Amino acid sequence: MLAAALAASLSGCSGFSPAPEEAGPPIDPLPALALAGRGGSFDERERIAELNLKRDWAGLLRFAEERQSRDPEASDWGVIAGYAFLRNRDYPKAEAALSRVIQRNPEDIGAWNLLCETQRLSGQPGRAVQTLVRASAVGRTSFVTFFFLGEAYRDANSLDRAIPAYREAARLEPQFARAWFELGSAQARVGDREEVQMALEQLEKLDPTLAQDLKQRMQTR
């Protein structure tokens, strides 16, 4: 389930704990799913979770690079380094690190997802789409892959393609409210009110706040 996946990715083996308010504004938790299960031991996974929770991207990078120096062939540390670069908005270094991982291990869907999000956030939605189309062949059951594909198509102003991507993300993880919200938002923009209503019904069960936001978007269309 989604809640369990988020807990595992954001807080290692000890359960989810929200970041303290002084840590700053909320950040998108989806990229952190790529950290799930990374590290060779319980202690390493706990350390990764701790640094992620603190948003200590420099510390996480140092930890990954130190561990990578001990085991240069381990993909996990390259993914973690790429994640730290991404969070620090150092997109060229993130892309380089993640591309190296994919060259060694093309089945690592977490690396693919982070690479595409790096490209999208750096203002290259077209490249992100190309990456995600390739990634979707690897991660056919990854709701994150299809959600990011929807985001990339949306940023590239291709709503007709964003809609099926968001729909697939919602199908793969029906409890993921953001997929329903973005699906409904895209449908509202193209004027498909009947389909928007279906997304809204799901949102009202999952996240009333997002449901209200979607209603407001429907009213402005």
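Each remark here, short or long, concerns the structure printed above.
Residues numbered from 1 in each chain as written. Predicted model: local features only at pLDDT ≥ 70, side-chain atom pairs only at ≥ 80, totals over all residues. Heavy atoms only, no water.

Enquirer: Help me understand the layout of surface pockets, please; the structure alone is not making it clear to me.
Expert: One way to see where empty space is left: roll a probe the size of a water molecule over the atoms. Roughly 270 Å³ of internal volume is contained in the second largest pocket. Forming the boundary of the second largest pocket are Ile27, Asp28, Pro31, Trp57, Leu86, Arg87, Arg89, Tyr91, Glu117 and Leu121. Those elements giving two or more residues to the lining of the second largest pocket turn out to be helix 4 (75-87) and helix 6 (109-121). A class-by-class count of the residues in the lining of the second largest pocket yields six nonpolar, no polar and four charged. (1 Å grid on protein atoms, 1.4 Å probe; cavity = no way out; pocket = protein on both sides within 12 Å on 5 of 7 lines; lining within 4 Å. Points joined across faces, edges and corners; volume = space filled by probe spheres on them. Helix = DSSP H or I, 4+ residues; strand = E, 2+ residues; numbered from the N terminus. Nonpolar A, V, L, I, M, F, W, Y, C, P; charged D, E, K, R; others polar.)

Enquirer: Just to check I follow, could you spell out the packing of aromatic side chains for this structure?
Expert: Two measures describe an aromatic ring pair: the distance that separates the ring centres and the angle between the ring planes. What the rule picks out here adds up to six aromatic pairs. When the ring of Phe147 is compared with that of Phe148, the centres are 6.5 Å apart and the planes differ by 50°; the resulting orientation is tilted. Judged by its relative accessible area of 2%, Phe148 is buried. Note on Phe147 and Tyr166: the rings are 5.6 Å apart at their centroids and 55° apart in plane angle, and the pair reads as tilted. With Phe147 in helix 8 (residues 143-155) and Tyr166 in helix 9 (residues 159-172), this residue pair connects regions lying 19 residues apart in the sequence. The residues Phe147 and Tyr166 share a single accessibility class, namely buried. Joined through ring pairs, the aromatic side chains of Phe143, Phe147, Phe148, Tyr166 and Phe176 make up one cluster. (Phe/Tyr/Trp six-rings, centres within 6.5 Å; stacked < 30°, edge-to-face > 60°. Buried < 20%, exposed > 50% of the residue type's maximum accessible area, 1.4 Å probe, protein only.)

Enquirer: Honestly, the side chain of Ser142 in this entry has me stumped. Any pointers?
Expert: Here Ser142 lies in the loop between helix 7 (125-138) and helix 8. Of the polar contacts made by the side chain of Ser142, one reaches the side chain of Thr145; its length is 2.9 Å. Non-local contacts of Ser142, meaning those with residues more than four positions away in its chain, are made with Ile109, Asn113 and Leu172. (Polar contact = N/O pair within 3.5 Å; in protein donor to acceptor, adjacent residues only side chain to side chain. Contact = heavy atoms within 4.5 Å.)

Enquirer: Whenever I open this one, unusual backbone geometry confuses me. Can you help?
Expert: Glycine aside, a negative phi is what most residues show, and trans is what most peptide bonds show. The phi dihedral of Arg89 is positive, around 65°, even though this residue is not glycine. Exposure remark for Arg89: the relative accessible area of 67% places this residue in the exposed category. The residue Asn157 is not glycine, and still its phi comes out positive at about 60°. One can find Asn157 in the loop between helix 8 and helix 9.

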